[in-house]
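What follows is each chain in one-letter form.
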Amino acid sequence: MAVTDHAITKIKSMIMSGELKPGMRLPPEKELSERLGLSRSSMREAVKALEVIRVLDVRRGDGTYVTSLDPTLLLEAISFVIDLHDDTSVLEIFEVRRMLEEAAAARATSRMSDEQIAALRTDLDQVAKAATVEELVEHDLRFHQGITDAAGNNYLSSLIDSISSATVRARIWRGITQAGVVERTLADHTAILDAIEMRDPDLARAQAAAHIAGVEHWLHGAARLTED
């Protein structure tokens, strides 16, 4: 593995230096391994490893290319790891999500356009008080995605998207078991959006934190009931 790690490091250095750019085809395996002073087997293993984490794209019969290196693509590995979580780690995932959502809401206050705010408010108004759990969760995903997209940081948006997918199950269960969850969620979303429209980053951060903390509080209670 030490030899393979060395090969990975050398390819990484070529990408970081700009010698290999996004979308560029790598030299043939024999040429590249000789040039870097590595065996073809270690080079092959390094390419496989970098393909798994979406840094390289191996096209059979065509060659190996550097991917776009887009954050959404590179952070797929995090999404895969988070999908392996068990129920005991959901609270930790929500804690991370709360910190990221706070940052996104604060950034959105100076970056979200009036049109984007109006679109989210229209979506809010269209969610009926008698909405099903599935409809509420779909709205929740759209609402938070709209804010993270407006925050203008692709890595932040991709991280939140990866983490949010792991908390959907908890949100659905909360919607089934907790009374008044539709009204509470819509009120929280309205408060966050109002703070963004006021262009108040501190208030937006606080409202986003309170919103996620509400779900965390419910999860703590649910966990205690399960233990009892």
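Draft legend 1. Main features of the overall build of the chain. The number of helices and strands found in the chain is 11 helices and two strands. Moving toward the C terminus, one meets the helices and strands of the chain in the order α-α-α-β-β-α-α-α-α-α-α-α-α. For the chain, the proportion of its 228 residues judged to be buried stands at 40%. In the chain, once contacts between residues fewer than 6 apart in sequence are set aside, the share between residues at least 24 apart is 72%. Roughly 12,500 Å² of accessible area belongs to the chain as shown, and the carbon and sulfur atoms make up 55% of that amount.

Draft legend 2. Region of interest: the nonpolar core. Core analysis: the largest hydrophobic core is formed by 28 residues, its most contacted members being Met112, Phe143, Ile147, Leu193 and Ile196. Sorting the residues of this core by element identifies α6 (90–111), α7 (114–126), α8 (133–150), α9 (154–177), α10 (181–197) and α11 (201–227) as the ones contributing at least two each. Ranked by residue count, the leading element in this core is α10, at seven residues. Apart from residues no more than four positions distant in its own chain, Phe143 is found in contact with Leu120, Leu124, His189, Ile192 and Leu193.

Draft legend 3. Broad picture of the pattern of salt bridges. On inspection of all chains with the given rule, the structure shows 11 salt bridges. Among the charged side chains, a salt-bridge network with shared partners connects Glu29, Arg40 and Arg44.

Draft legend 4. Looking closely at the side chain of Ser158. The topology assignment puts Ser158 in helix α9. Residue classification places Ser158 among the buried residues on the basis of a relative accessible area of 9%. Those residues in contact with Ser158, other than ones at most four positions away along the chain, are Pro71, Thr72 and Leu75.

Draft legend 5. Structural context of the packing of aromatic side chains. Inspection of every chain in the model, using the stated rule, returns zero aromatic pairs. Directly above the ring of Tyr65 sits Arg59, whose terminal nitrogen or CZ lies 3.9 Å from the centroid.

Draft legend 6. Structural view of the environment of Leu120. Along the polypeptide, Leu120 turns up in helix α7. For the pair Leu120 and Leu193, spaced 73 residues apart in sequence, the C-alpha separation works out to 8.0 Å. Setting aside its immediate chain neighbours within four residues, Leu120 contacts Met112, Arg142, Phe143, Gly146, Ile147 and Leu193.

Draft legend 7. Inspection of the pairing of strand β1 (residues 56–59) at higher detail. Residues Leu56 and Val58 point to one face of β1 and are all buried, whereas Asp57 and Arg59, pointing to the other face, are not buried. Relative to strand β2 (residues 63–66), β1 is paired through four bridges, and the arrangement is antiparallel. Across the sheet, the residue bridging to Asp57 is Tyr65, located in β2. Counted along the chain from β1 to the antiparallel partner β2, the turn is three residues long, and its residue Gly61 has a positive phi close to 80 degrees.

Draft legend 8. Inspection of the packing of helix α2 (residues 29–36) against helix α3 (residues 40–52) at higher detail. Between α2 and α3, the least distance of the axes is 9 Å, while the angle of their chain directions is 110 degrees. Here α2 lies roughly perpendicular to α3, going by the angle between them. Across from Glu29, Lys30, Leu32, Ser33 and Leu36 in α2, the residues of α3 making contact are Arg40, Met43 and Arg44. In terms of residue class, the contact of α2 with α3 is built from three nonpolar, one polar and four charged.

Draft legend 9. Highlighting α10. The end-to-end C-alpha separation of α10 is 24 Å, in line with the 24 Å expected for 17 residues at 1.5 Å each. Positive phi shows up at Arg199, right after α10, with a value of about 60 degrees.

Draft legend 10. Here's a closer look at the packing of α7 against α8. Across the interface, α7 lies against α8 with an axial gap of 10 Å and an inter-helix angle of 170 degrees. Regarding the angle of α7 to α8, the classification is roughly antiparallel. Of α8, the residues touching α7 (which contributes Gln116, Leu120, Asp123 and Leu124) are His139, Arg142, Phe143, Gly146, Ile147 and Ala150.

Conventions adopted
- Residue indices begin from 1 for each chain and proceed along its sequence in written order.
- This being a predicted model, a pLDDT of at least 70 is required before a residue's local features are given, and a value of 80 or more before pairs of side-chain atoms are given or counted; all residues contribute to the totals for chains, interfaces and linings.
- Only hydrogens and water are removed before side-chain values are computed, so all heavy atoms of the structure are retained for them.
- Think of it this way: any DSSP run of H or I at least four residues long counts as a helix, any run of E at least two long counts as a strand, and we number them from the N terminus.
- Using a 1.4 Å probe on the protein chains alone, a residue whose accessible area is under 20% of its type maximum counts as buried, one over 50% counts as exposed, and one in between counts as partly exposed.
- Here, two residues are considered to be in contact whenever any of their heavy atoms come within 4.5 Å of each other.
- The Shrake-Rupley method, run with a 1.4 Å probe sphere, supplies the accessible areas, and residue values consider only the shown protein chains as cover.
- Definition of nonpolar core: a set of buried residues of the types Ala, Val, Leu, Ile, Met, Phe, Trp, Tyr and Cys, connected through side-chain atoms within 4.5 Å.
- Put simply, a salt bridge is a Lys or Arg side-chain nitrogen that is within 4 Å of an Asp or Glu carboxyl oxygen.
- Stacked, tilted and edge-to-face pairs are distinguished by plane angle, under 30 degrees for stacked and over 60 for edge-to-face with tilted covering the rest, among Phe, Tyr and Trp rings (Trp via its six-membered ring) whose centres lie within 6.5 Å.
- Our definition puts a charge over a ring when NZ of Lys or CZ of Arg is within 6 Å of the ring centre and also within 35 degrees of the ring normal.
- Here the rule is simple: two strands pair whenever DSSP picks up at least two bridges between them.
- Think of each axis as a best-fit line through the C-alpha atoms, taken over the contacting stretch in the case of a helix, with angles from 0 to 180 degrees between the N-to-C directions.
- Here roughly perpendicular refers to angles of 65 to 115 degrees, roughly parallel to angles under 35, roughly antiparallel to angles over 145, and oblique to all remaining angles.
- Gly is placed with the polar residues, together with every amino acid not listed as nonpolar (Ala, Val, Leu, Ile, Met, Phe, Trp, Tyr, Cys and Pro) or charged (Asp, Glu, Lys and Arg).
- Here the expected span of a helix is defined as 1.5 Å times the quantity of residues minus one.

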